[in-house]
Amino acid sequence: MIKKNNFNPPSPVESYFLKRSKLDFRYAPDEKIPVVQVNNFPLLGQLTALRFLEWVQNNPEGVTSLPTGKTPEYFIRYVAHYLTTWDTRKTQAMLEQVGIRNNEKPSLHDLQFVQIDEFFPIPSTQQNSFYDYVMKYYIKGFGINEDRAQLIDAARIDYPKGKTFQEIFPNLVVDLGLRFSQPKNGQGRLQKEAIERVDEYCTEYERRIRAKGGIGFFLGGIGPDGHIAFNVRGSDYFSTTRLTPTNFETQAAAAADLGGIEVSQKRLVITIGLQTITFNPEATALIFAAGEAKAGIVAAAVQEKAANIHPAGVLHAMPNARFYITAGAAVFLDRREVEAMNAVAEVAENLVDQHLITLSMRSRTPIREISTEQIAAKQVPATALARSRDSLPHIKQRIFDDLVAKLERGLAPVEDEVFFHTAPHHDDIMLGYLAHIVHLVRNPRNKHHFAYMTSGFNAVTNEFVKDQIQHALAYMETEQFLHLKAENYFDADYEMGAQRDIYTYLDGIASHSTVHKYKGSSRRLIRNLLMLHPQLDLDSLPRKMLRIIDYLDSRYPGQKDDPLMQNLKGRIREWEADLVWANYGTSLENVHHLRLGFYKGDIFTEDPTLDRDVQPILEYMERIKPTVVTLALDPEASGPDTHYKVMQAIAAAIRLYKQKYPKAALRVWGYRNVWFKFQPTDANIFVPVSVNSMAIMEDTFRQCFQSQVDAPFPSFEYNGPFSGLAQAIQVQQHQDLKRVMGRDFWYGHDHPRIRAARGLVYLKEMDLDEFFTRVTELQKVTESQG
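Here, residues in each chain are numbered from 1, in the same order as that chain's written sequence. Thresholds applied to this predicted model are a pLDDT of at least 70 for local features of residues and 80 or more for the giving and counting of side-chain atom pairs; totals over whole chains, interfaces and linings are not thresholded and use all residues. Just so you know, side-chain values use all the structure's heavy atoms and leave hydrogens and water out.

**Examining the overall build of the protein**
Applicable threshold: Segments assigned H or I by DSSP are reported as helices when at least four residues long, segments assigned E as strands when at least two residues long, and all are numbered from the N terminus. Using C-alpha atoms as the atom set, the radius of gyration is obtained and then compared with a globule rule of 2.2 Å times the number of residues to the power 0.38. Only protein chains enter the accessibility calculation, which uses a 1.4 Å probe; a residue whose area is less than 20% of its type maximum is buried, one above 50% is exposed, and one in between is partly exposed. We call two residues in contact whenever any of their non-hydrogen atoms come within 4.5 Å of each other. Per-residue and other accessible areas follow the Shrake-Rupley method at a 1.4 Å probe size, with only the shown protein chains counted as cover for residues. Charge assignment in this entry is limited to Lys and Arg as positive and Asp and Glu as negative, and neither His nor the chain termini are counted. Every charge is mapped onto a representative atom, which is NZ of Lys, CZ of Arg, CG of Asp or CD of Glu.
In terms of helices and strands, the protein carries 30 helices and 17 strands. Relative to its length of 786 residues, the protein is compact, with a C-alpha radius of gyration of 28 Å against a globular reference of 28 Å. A total of 786 residues make up the protein; the buried ones form 59% of that total. The long-range share in the protein, meaning contacts at least 24 apart out of those at least 6 apart in sequence, stands at 78%. Accessible surface computed for the protein: about 32,400 Å², of which carbon and sulfur atoms make up 50%. With 90 positive and 95 negative side-chain charges, the protein shows a separation of 2 Å between the mean positions of the two kinds.

Right under this line is the structure:
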């Protein structure tokens, strides 16, 4: 049982950010651990960086453990920024403002670094190992003395008979059942002894940490299941450093690092334990989290009693433990919502509506039947109602009428519009709002242009490329291929060839012919290879294709590819998107692949630049003269960073476009799919989705996005392709509104699309002023780094 503890008061840095937030350090008894809240993801990095530097000033030789992954991006940026610009007037002023001694630049050289975790088995030389990450960003990047770093390197473990782990586990699969069994052959006995050696390595790793006095500064993220380090949901609070398996949520989150879920499901991990983190009771232990996707798990960690299902609960007994979170991650911390409402002169009626809608959903009571007693029993809606200017009967009717109006907008005919549908990745549009596009494209008075901002090569596995090449090689042995070769079908100046590739594939879908589909995809692959290797012809191409297979076989899963392979994988994704819109009669000239240069496959994506990334978007807009621009709306920049950075590039292009064409009628539709979810009050267009529309999305995804059918990089929420998760979200949104509006509204409605609805798509339409307001604050924060 975790003992109650008095938390130490906030540090000067924490006090500064608390003052800015106008929120308390901790709302007891609801919150079991202090929380420092900031508005957005970049500010979260700034807070953690300043707190780290503050701690280093007081502990120049202290023991620190810092996180890996994408969440630390702005933490790393800000630490480097402040150390580099320490003596500048701007940084000196900032340091003084937050209470850091600005006349004493901290040195990170003498810190003692302890690596938190690592996949096993994985060579430390691989770029996707945490060892490599730590060396790149912390040992070399921060200038920490490598001799004072305690790192996890599987190659340095003393394995039996002097063998390497690759020799002992040739397929890199480790069976922990061998700990408790008696192997029947020599290889099994060798593996059992190797596991015992790894266990001993973990014990020694733990012993060395304790000899240092434990970890003094721990900064970690929180996983989708609540894991801290790799201590997954259900971990023992007294756990120490160990070799252990993970769960699906953790494996899904790691799939992008390791080259796919098939790889991550086979990997074990070496991780420090929960007791390792808490061994030093005076340690500064920080967990940071961003975005609404983390809100539920943050609320459980902060508000629920300590229990094994909440690994972060182990921190409740530590006087210097904190949660650093963004506003999005705080939405389920009820007392903070209450205090935020009480702190403002006037609560927006939109917020009042949202809290009552949430109560309606959770209580399964239609909004017009919600009672004052139900509201009074819950502090958040009770406060919202008390702060509202309107009476409860009026609010309830307003909410109902607003929801009806949003549905009517989703049903209203749309015509004489030029749509500029944009997406960070190739499946974002269809997963976000295909059910609406299906209706929009039926009106010939609308024009549709689809633009994909990145090439999306990270989503294509090596095995899929090999499979496509092997099919293409087999196709090149057929008589039909020889006929196409004779008619110069693959010549670069034969413009109709690419369209015929698509028609061949669509014929295969229509006739249920896998052979026909392979013909189409093989033709496009051959065409792409000739474009990428213009020095080759059809006679020499097969040898190159075999060399590409050799290249792929030589790569480890998740390894960054060379530019040519990135281009090839990107073109495979582009082919898939071309197929999707060809289903709806969209010609190739209306599907544009911008391949913006900031997307390079690095763990931290570059920021877009004006000439390289914004200008191509602007030029495309000038060519098509859109009236509606659609985009993936990520206002907090806390999910896939590509989404946020694409949004910023599009926003910059729209600004330039509007300056150049001030009279142009232009508005923005924001959509979200599997990564982000709108609240009903956030969106203003509700599109009913029938079972038929769901079937269209599912079949289109499976037929066209062949590289994604096996879900190599799934969401932690769903073990399957993204189309299944998108459908589940749409179904849940319909269920939610069925509870709020009452089942009779849906089942007895006059409109057949309302009666047929079993899902809902939410969209947010904005004029340009509202859209720019959403992106401006974040832009100012990120630009402040230099």
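**As for empty space enclosed by the protein**
Leftover empty space is mapped by rolling, across the atoms, a probe with the size of a water molecule. The condition that has to hold: Two kinds of site are reported from a 1 Å grid over the protein atoms alone, namely cavities, where a 1.4 Å probe fits but cannot get out, and pockets, open sets with protein on both sides within 12 Å along at least five of seven lines, and residues are called lining when an atom falls within 4 Å of a point. Grid points are joined across faces, edges and corners, and a volume is the space filled by probe spheres set on the points. Residues are grouped as follows: Ala, Val, Leu, Ile, Met, Phe, Trp, Tyr, Cys and Pro are nonpolar; Asp, Glu, Lys and Arg are charged; every other residue, Gly included, is polar.
Tallying each qualifying case throughout the model produces six cavities of 30 Å³ or more. Its volume calculated, the largest cavity comes out at about 110 Å³. In terms of lining, the largest cavity is formed by 15 residues, of which the most central are G432, R672, N673, I729 and Q733. Considering each element in turn, the lining of the largest cavity owes the most residues, four residues, to helix α27 (residues 722–741). Among the residues making up the lining of the largest cavity, the classes are represented as nine nonpolar, four polar and two charged.

**Regarding the side chain of K406**
Rules: Salt bridges are identified by distance alone: a Lys or Arg side-chain nitrogen within 4 Å of an Asp or Glu carboxyl oxygen.
With respect to the helices and strands, the residue K406 is situated in helix α16 (residues 392–411). Of the side chains with opposite charge, D402 lies nearest to the buried K406, which makes no salt bridge, at 6.1 Å.

**Focus on the packing of aromatic side chains**
Selection rule: Pairs were defined over the aromatic rings of Phe, Tyr and Trp, the Trp ring being its six-membered one, requiring ring centres within 6.5 Å. Orientation was assigned from the angle between planes: stacked under 30 degrees, edge-to-face over 60, tilted for the rest. Both a distance and an angle decide whether a charge sits over a ring: NZ of Lys or CZ of Arg must be within 6 Å of the ring centre and within 35 degrees of the ring normal.
Using the criterion set out here, one finds 38 aromatic pairs in the structure. Judged by centre distance (5.3 Å) and plane angle (45°), the rings of W55 and F217 are tilted. One end of the pair, W55, is in helix α2 (residues 41–58); the other, F217, is in strand β6 (residues 217–220), with 162 residues separating them in the sequence. Take F217: its relative accessible area is 0%, and that puts it in the buried class. Ring centres 4.9 Å apart and planes at 55° place the aromatic pair Y133 and Y137 in the tilted group. Taken together, the residues span about one helical turn, with Y133 and Y137 both in helix α5 (residues 130–140) at a distance of four residues. For the residue pair Y133 and Y137, the accessibility class agrees, reading buried in each case. A connected cluster of aromatic rings, assembled from ring pairs, spans F52, W55, F75, F113, Y133, Y137, Y138, F142, F217 and F604. One Lys or Arg, R368, reaches over the ring of F400 and ends 3.6 Å from the middle of that ring. When the ring centre of Y489 is taken as origin, the NZ or CZ atom of R523, which lies over that ring, is 5.2 Å away.

**Here we look at the nonpolar core**
Side chains of a nonpolar character, in soluble globular proteins, are inclined to be buried together. Put simply, the rule is: What makes a nonpolar core is a set of buried Ala, Val, Leu, Ile, Met, Phe, Trp, Tyr and Cys residues whose side-chain atoms join them at distances within 4.5 Å.
Membership of the largest hydrophobic core comes to 119 residues, with the highest contact counts inside it found for F52 and F75. Discounting chain neighbours no more than four positions away, the residues touching F52 are T64, L66, F75, V79, L108, L111, F142 and F217. Residues I33, I209, L315 and A330 belong to the second largest nonpolar core, which totals 56 residues.

**A few points about the pattern of salt bridges**
The tally for this structure, following the rule as stated, stands at 48 salt bridges. Between E606 and R612 there is a salt bridge whose closest N-O contact spans 2.8 Å. Judged by relative accessible area, E606 falls into the partly exposed class, the value being 29%. For E622, the salt bridge identified is with K660, shortest N-O distance 2.7 Å. A residue pair is termed long-range when its members are at least 10 positions apart, and E622 in helix α24 (residues 610–624) and K660 in helix α25 (residues 641–660) qualify at 38 residues. On the basis of relative accessible area, E622 is assigned to the buried category, the value being 16%. For K660, a relative accessible area of 52% corresponds to the exposed category. Taken together, the shared-partner salt bridges connect E346, E349, D353, R389, D390 and R398 into one network.

**Description of the confidence of the model for the protein**
The criterion, for reference: Scored from 0 to 100, pLDDT reflects the predictor's confidence in each residue.
Chain-level statistics for the protein give a pLDDT mean of 94 and a share of 97% at 70 or above. Within the model, pLDDT remains below 50 along residues 780–786, and this stretch shows 15 contacts once partners closer than five positions in the same chain are excluded.

**What about unusual backbone geometry?**
Note the cis peptide between A28 and P29, where omega equals 0°. As for its placement among the helices and strands, P29 is situated in the loop between α1 (12–21) and β1 (35–38). If you check the backbone angles, K625 has positive phi at about 55° while not being a glycine. Take K625: it is sitting in the loop between α24 and β14 (628–632). Residue K625 is classed as partly exposed on the basis of its relative accessible area, which comes to 42%.

**Here we look at helix α12 (residues 334–343)**
Among the residues of α12, R335, R336, E337, V338 and M341 are the ones counted as buried. Looking at the buried positions of α12, the neighbouring elements they touch are β1, α13 (349–363) and α15 (379–387).

**Looking at the packing of α13 against α16**
What counts is decided by this rule: In this analysis, axes come from line fits to C-alpha atoms, helices being fitted only over the stretch in contact, and the angle between any two N-to-C directions falls in the range 0 to 180 degrees. Working rule for angles: under 35 degrees goes down as roughly parallel, over 145 as roughly antiparallel, 65 to 115 as roughly perpendicular, anything else as oblique.
Between α13 and α16, whose axes approach to 10 Å, the crossing angle comes to 85°. Classified by the angle between their axes, α13 and α16 sit roughly perpendicular to one another. The residues of α16 that touch α13, namely those facing E349, V352, D353, L356 and I357, are L392, I395, R398, I399, D402 and L403. When the residues that make up the contact of α13 with α16 are grouped by side-chain class, the tally is seven nonpolar, no polar and four charged.

**A few points about the environment of F25**
Relative to the helices and strands, F25 resides in the loop between α1 and β1. Setting aside chain neighbours within four positions, we find F25 in contact with N8, P9, P10, E14, L18, E31, P34, V35, V36, R322 and R336.

**A closer look at the sheet that holds strand β17 (residues 757–766)**
Short version of the rule: At least two DSSP bridges between two strands are required for those strands to pair.
One open sheet holds the seven strands; their spatial order is β13-β12-β11-β14-β15-β17-β16, and the pairing between them is mixed. Every other strand in the sheet has two partners, leaving β13 (591–593) and β16 (685–690) as the edge strands with one partner each. Between one strand axis and the next, the sheet turns by 25° as a mean value, whatever way the strands run. Lying over the sheet, helix α17 (residues 428–440) contacts β11 (418–423), β12 (447–452), β14, β15 (667–671), β16 and β17, oriented at roughly 160° with respect to β11. Packed on one face of the sheet, helix α26 (residues 691–704) meets β16 and β17 and runs near 85° to β16.

**Observations concerning the pairing of strand β8 (residues 268–271)**
Both faces of the sheet carry side chains from a regular strand, because those side chains alternate between them. By the alternation rule, side chains of β8 split into L268 and I270 and V269 and T271, which are all buried. Relative to β8, strand β4 (residues 117–120) runs antiparallel, the two sharing four bridges. Bridge assignment links E118 to a residue of β8, and that residue is I270. Of the strand pairs in this sheet, strand β7 (residues 242–244) and β8 are connected by three bridges, and their pairing is antiparallel.

**What to know about the sheet that holds strand β2 (residues 63–65)**
Strand order in this open sheet of seven strands is β1-β10-β9-β6-β2-β3-β5, and the pairing throughout is parallel. The sheet is open, and its two edges are formed by β1 and β5 (149–150), each paired on a single side. Both β1 and strand β10 (residues 321–326) contribute to a ladder of four bridges, which runs parallel. Along β10, the bridge assignment pairs Q37 with I325.

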